[in-house]
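This is what each chain is made of:
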Amino acid sequence: MDSRKIILLVAALFVAGLTAFMARSLIAGSSAPAANAAAAAVQPAPVVDGPEVLVATRALPIGTILDATALKFQPWPKELVGNAYFLKRETDLKSLQGTVVRNAITAGQPITQGALVKPGDRGFLAAALGPGMRAVTVPVQANAAVAGFVFPGDRIDLMLTQTVPGGGDGPPLKVSETVLRNLRVLATDQRTDNTVGDDGKSVVRTFSSVTVEATPKLAEQLTVAQTLGSLSLALRSIADNSAELEEAIASGSVSVPDGNDPKAEKAMIMKIASSPSAGGSTFATGADVSRFQRSTVPGKPASEVGGANGTSSPFPGGAAAKGPTVRVARGNNVTEVMVGGKN
């Protein structure tokens, strides 16, 4: 092997060694910040020197009825603690359940005494109502009130059950329909809070009336519904809003935000979740439950509307029809009118 090839081989080995050394240095240098970051991540959070105050666990809009999940105690810097804060050593959480938020509170914000309205205080029910809403009290029977498992703050549907006799001799039509949806419960009887027992669970009590939040138009419909038949409550699921969202978008009552804005989408969903509605109600007749029940309103017998045998003529003086006639139905009343004449 000549000297020229030996020199080239030595140079290549030198370059390879130098490259390996530099790569090792870079790897060792990059691992140090990662180790420092990991060490910084495990450092304990700084200890807050101050008393524990009551804060909101989630965003609380105006009119929110508080429950045990909406509140918690959290240490707060003592130099920032105000006289209106609820201190842990002076506050009973059970006494605050059922109170209503007067001013909007963000998640993690301390709750002040002036931000809450307690049951029995002046303006309590008005503070619980949303803008433009009305409070309507509905009488219900114990067996139609979900056995007392409806509490203030829940969402319900109202079902109307009635008997429609019609004009015939047959059995009347029995029908039940959902007339109003997504109503917020404000109170059951005169109770606006969820009573909690010694075991930490809500105490279930039956009630004879429920106060709900409704728009002025729905309040009118609800008042009329009480005169038509008996009302029953149907408790809604917390996550049961997808169908209402699709209907609202299709009807144009809400507009889908442009682009990909999570805040705007959340506001749209919250608007649907908090809006009561009517119309497009579902219903069930007696025939849907039993084959021995009717599915339509019974009509009047043939003897009352002018039978084919002429036993009860609809024409003046009991005269028989002469010439062509037309059968006219007005609701449950059916009459025969001669063509070209008047009846």
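Only a predicted model underlies this, so the values are computations on that prediction, with no experimental measurement involved.

Attention now goes to the overall build of the chain. A count of helices and strands for the chain gives eight helices and 13 strands. In the chain, buried positions account for 29% of the 343 residues. When the accessible surface of the chain is totalled, it reaches about 21,500 Å², and 58% of it is carbon and sulfur.

Once that is clear, we can look at the pattern of salt bridges. This structure, assessed with the given rule, holds five salt bridges. In this structure, R58 and D67 form a salt bridge, with 3.6 Å as the shortest nitrogen-oxygen distance. When its relative accessible area of 24% is taken as the criterion, D67 is described as partly exposed. In this structure, the salt-bridge partner of E213 is R184, at a minimum N-O distance of 3.2 Å. Residue E213 is located in strand β8 (residues 209–214), and its partner R184 is located in strand β7 (residues 173–188); the two are separated by 29 residues in the primary sequence. According to the relative accessible area criterion, E213 is buried, its value standing at 5%. The class for R184 is buried, based on a relative accessible area of 10%.

Turning our eyes to something else, we now look at the nonpolar core. Among the nonpolar cores identified, the biggest contains 21 residues, and I156, L158, L180, L183, V210, L222 and L233 are the most heavily contacted of them. Of all the elements in the fold, those that place two or more residues in this core are β5 (134–139), β6 (155–164), β7, β8, α4 (216–228) and β9 (230–235). Once residues within four sequence positions are removed from consideration, L183 is found in contact with D154, R155, I156, L158, V212, E213, A214 and P276. Membership of the second largest hydrophobic core comes to 14 residues, among which are L54, A70, F86 and I111.

Further remarks concern the confidence of the model for the chain. Confidence along the chain averages 75 in pLDDT terms, with 66% of residues attaining 70 or more. Per-residue pLDDT stays below 50 along residues 307–312; that stretch engages in four contacts with residues further than four places along the chain or on separate chains.

On the surface, a nonpolar cluster with roughly 560 Å² of combined accessible area is contributed by F14, V15, L18, F21 and M22. Within the secondary structure layout, M22 lies in helix α1 (residues 3–41).

Moving on, we come to the side chain of R184. Within the structure, R184 has its side chain in polar contact with the backbone oxygen of G63 (distance 3.0 Å). Those residues within four positions of R184 in sequence are excluded, and the remaining contacts are G63, I65, A128, L129, G130, G153, D154, R155, T211, V212 and E213.

Moving on, we get to α4. In this model α4 runs 19 Å from its N-terminal to its C-terminal C-alpha over 13 residues, within 8% of the 18 Å that 1.5 Å per residue would give. Restricting attention to buried positions, one finds in α4 the residues L218, A219, L222 and A225. In an axial view of α4, the angular spread of the buried residues amounts to 120 degrees, which keeps them on one side of the axis. Every exposed residue of α4 that faces more than 90 degrees away from the buried side is listed here: K217 and T227. Along its buried surface, α4 packs onto β5, β6, β7, β8, β9 and β10 (277–278).

Take unusual backbone geometry next. The phi angle at N182 is positive, at roughly 60 degrees, despite the residue not being glycine. Note on placement: N182 falls in strand β7.

Calculation notes
Residues numbered from 1 in each chain as written. Predicted model: local features only at pLDDT ≥ 70, side-chain atom pairs only at ≥ 80, totals over all residues. Heavy atoms only, no water. Helix = DSSP H or I, 4+ residues; strand = E, 2+ residues; numbered from the N terminus. Buried < 20%, exposed > 50% of the residue type's maximum accessible area, 1.4 Å probe, protein only. Areas by Shrake-Rupley, 256 points an atom, 1.4 Å probe, with all protein chains shown as cover. Salt bridge = Lys/Arg side-chain N within 4 Å of Asp/Glu carboxyl O. Core = buried A, V, L, I, M, F, W, Y, C linked by side-chain atoms within 4.5 Å. Contact = heavy atoms within 4.5 Å. pLDDT = per-residue confidence, 0-100. Patch = residues over 30% accessible without salt bridge, like charges linked within 9 Å, V, L, I, M, F, W, Y side chains within 5 Å. Polar contact = N/O pair within 3.5 Å; in protein donor to acceptor, adjacent residues only side chain to side chain. Expected span 1.5 Å × (residues − 1). Arc of directions from axis to C-beta.

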